[in-house]
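Coordinate inspection notes
One-letter residues, chain by chain:
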Amino acid sequence: QMLGRLPPASGQRKIFLGQVERIKKSLDQTKEMFLGNFQGPLSKAYRTSYRPEEDEEEGNGKQQYFDTVLESRNYVVLGVHCNSEDGEDITLPPIKYVFPS
């Protein structure tokens, strides 16, 4: 709609079109990442979601520890955070997911 309101030779149109293309590219990357996590192996989704970010000041000790622990186990423990209709926390037992061999 907005693009049709701007004249074809307008500088504003080019700027707006560039913004739309960047947003579309970002949304496509987000969708691709989500589908990769949703349809791919759970171990990859777990690593992507829970692996600590590298801290330049502390080095990558946390990542190295995470990787060592994850690689030494054939399972992950999953928890669920949910609320009742009243907004109260509900505690569910953790799920131990064993990776297929």
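Refer to the structure above for everything that follows.
Cut-offs and rules
Residues numbered from 1 in each chain as written. Predicted model: local features only at pLDDT ≥ 70, side-chain atom pairs only at ≥ 80, totals over all residues. Heavy atoms only, no water. Patch = residues over 30% accessible without salt bridge, like charges linked within 9 Å, V, L, I, M, F, W, Y side chains within 5 Å. Areas by Shrake-Rupley, 256 points an atom, 1.4 Å probe, with all protein chains shown as cover. Salt bridge = Lys/Arg side-chain N within 4 Å of Asp/Glu carboxyl O. Lys, Arg positive; Asp, Glu negative; His and termini not counted. Charge placed at Lys NZ, Arg CZ, Asp CG, Glu CD. Buried < 20%, exposed > 50% of the residue type's maximum accessible area, 1.4 Å probe, protein only. Helix = DSSP H or I, 4+ residues; strand = E, 2+ residues; numbered from the N terminus. Expected span 1.5 Å × (residues − 1). Arc of directions from axis to C-beta. Polar contact = N/O pair within 3.5 Å; in protein donor to acceptor, adjacent residues only side chain to side chain. Contact = heavy atoms within 4.5 Å. Phe/Tyr/Trp six-rings, centres within 6.5 Å; stacked < 30°, edge-to-face > 60°.

1. Here we look at a negative patch on the surface
- On the surface, Glu 85, Asp 86, Glu 88 and Asp 89 cluster together into a negatively charged patch.
- Here Asp 86 falls in the exposed class, since its relative accessible area comes to 68%.

2. A few points about the pattern of salt bridges
- Enumeration according to the criterion identifies 3 salt bridges in this entry.
- Between Asp 28 and Lys 24 there is a salt bridge, with the nearest N and O atoms lying 2.9 Å from each other. Of this pair, Asp 28 and Lys 24 both sit in helix α2 (residues 11–39), separated by 4 residues, roughly a single helical turn.
- Exposure remark for Asp 28: the relative accessible area of 38% places this residue in the partly exposed category.
- A salt bridge links Arg 47 to Asp 67, with the shortest nitrogen-to-oxygen separation between them at 2.8 Å. Placement of Arg 47 in helix α3 (residues 42–50) and of Asp 67 in helix α4 (residues 61–72) is noted, with a sequence separation of 20 residues between them.
- Beyond isolated ion pairs, a larger network of salt bridges with shared partners links Arg 47, Arg 51 and Asp 67.

3. Section: α4
- Compared with the 16 Å implied by 1.5 Å per residue over 12 residues, the 16 Å span of α4 between its first and last C-alpha is a close match.
- Among all positions in α4, only Gln 63, Phe 66, Asp 67 and Leu 70 are buried. Relative to the axis of α4, the buried residues are bounded by an arc of 95 degrees and lie together on one face. Facing away from the buried surface of α4 by more than 90 degrees, the exposed residues are Gln 64, Tyr 65 and Ser 72.

4. A few points about the side chain of Asp 67
- For Asp 67, a relative accessible area of 15% puts it in the buried group.
- One polar contact links Asp 67 to Arg 51, side chain to side chain, over a distance of 2.7 Å.
- Residues in contact with Asp 67, not counting those within four places in the same chain, are Arg 47 and Arg 51.

5. Overview of the packing of aromatic side chains
- This structure, assessed with the given rule, holds 4 aromatic pairs.
- Residues Phe 34 and Phe 38 carry aromatic rings whose centres are separated by 5.5 Å and whose planes lie at 15 degrees to one another, so their mutual orientation is stacked. Of this pair, Phe 34 and Phe 38 both sit in helix α2, 4 residues apart, which is roughly one turn of that helix.
- When the ring of Tyr 97 is compared with that of Phe 99, the centres are 5.9 Å apart and the planes differ by 70 degrees; the resulting orientation is edge-to-face.

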